[in-house]
Amino acid sequence: MRTLGVLLAGGRGTRLGAGIPKALVVCGGRTLLARALATLDTLGDAVVVVAPRELELPVPRAQRVDDPPGAAGPLAAMVAGLGARPFDEAVVLAVDLPLVTPAALSGLRSRRGDALAVLAAPGDLPQPVAAWYAFAARERLAAALAAGERSLIAAARTLDPVRVGDRELDGIPDGGGFRWNVNTFEDLAQAERLLAARAS
């Protein structure tokens, strides 16, 4: 079974105040980009990085997928990433989830069954950027985008996904990592503390 990793790395990082793209922000001694790539490399037969063409990232051009022209938001980026390579299933990860590990994503995958998608849903909030998708999901998501949908969460709902909430996440190795994304300096500091505690 061919597994595609799709890394969404287009965030500008404005709220972090670092003056660099979010993907290049250092968290626990490594950039968010390096952490996310290492996570997906262990799970996928191929990994693509989706970001605006003008965003300079240390990623080979052959591995880059450009955001569609005029695109806004992660839905268009994800559809572009899912269309970049053949796959049987895909794992999608946003670059700002440094506490999500291969073990956590593998545990999430085991809950998909025959569904088109399985999403982490910490605090009952579905995270379609920390999720697994069957091949058939791409066509549904692309159709939603073409129909004018811009919300990734709303588009993902059309897949009738399995949602893995807090109780189940607590039973997955490192499942708590789905609860932490990095948007602000305070988020970054907390993520670094949690990474340090995990390593000790």
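Attention in this report is confined to the structure presented alongside it. Worth saying up front: this structure is predicted, and the values here are computed from it rather than measured.

**Section: the nonpolar core**
Inference 1: With 70 residues, the main nonpolar core has Leu 7, Leu 33, Leu 57, Leu 105, Tyr 133, Leu 141 and Phe 178 as its most contacted residues.
Inference 2: Top contributing element to this core by residue count: helix H2 (residues 74-82), with seven residues.
Inference 3: Discounting residues that sit within four places of it in the chain, Tyr 133 has contacts with Met 78, Phe 87, Glu 89, Ala 90, Val 92, Leu 116, Ala 117, Leu 119, Pro 128, Leu 141 and Leu 159.

**Re the side chain of Thr 3**
Inference 1: Following the sequence through the fold, Thr 3 ends up in strand S1 (residues 3-8).
Inference 2: The exposure class assigned to Thr 3 is buried, which follows from its relative accessible area of 10%.
Inference 3: When sequence neighbours within four positions are dropped, the list of residues in contact with Thr 3 reads Leu 43, Gly 44, Asp 45, Ala 46, Glu 89, Val 91 and Trp 132.

**Section: unusual backbone geometry**
Inference 1: The phi dihedral of Asp 124 falls on the positive side, at around 65°, and the residue is not glycine.
Inference 2: Tracing the chain through its elements places Asp 124 in the loop between strand S7 (117-120) and strand S8 (127-134).
Inference 3: For Asp 174, which is not glycine, the phi torsion reads 60° and is therefore positive.
Inference 4: Mapped onto the fold, Asp 174 is located in the loop between helix H6 (166-169) and helix H7 (185-199).
Inference 5: Note on Asp 174: relative accessible area 32%, which makes it partly exposed.

How each quantity is defined
- Residues numbered from 1 in each chain as written.
- Predicted model: local features only at pLDDT ≥ 70, side-chain atom pairs only at ≥ 80, totals over all residues.
- Heavy atoms only, no water.
- Core = buried A, V, L, I, M, F, W, Y, C linked by side-chain atoms within 4.5 Å.
- Buried < 20%, exposed > 50% of the residue type's maximum accessible area, 1.4 Å probe, protein only.
- Helix = DSSP H or I, 4+ residues; strand = E, 2+ residues; numbered from the N terminus.
- Contact = heavy atoms within 4.5 Å.

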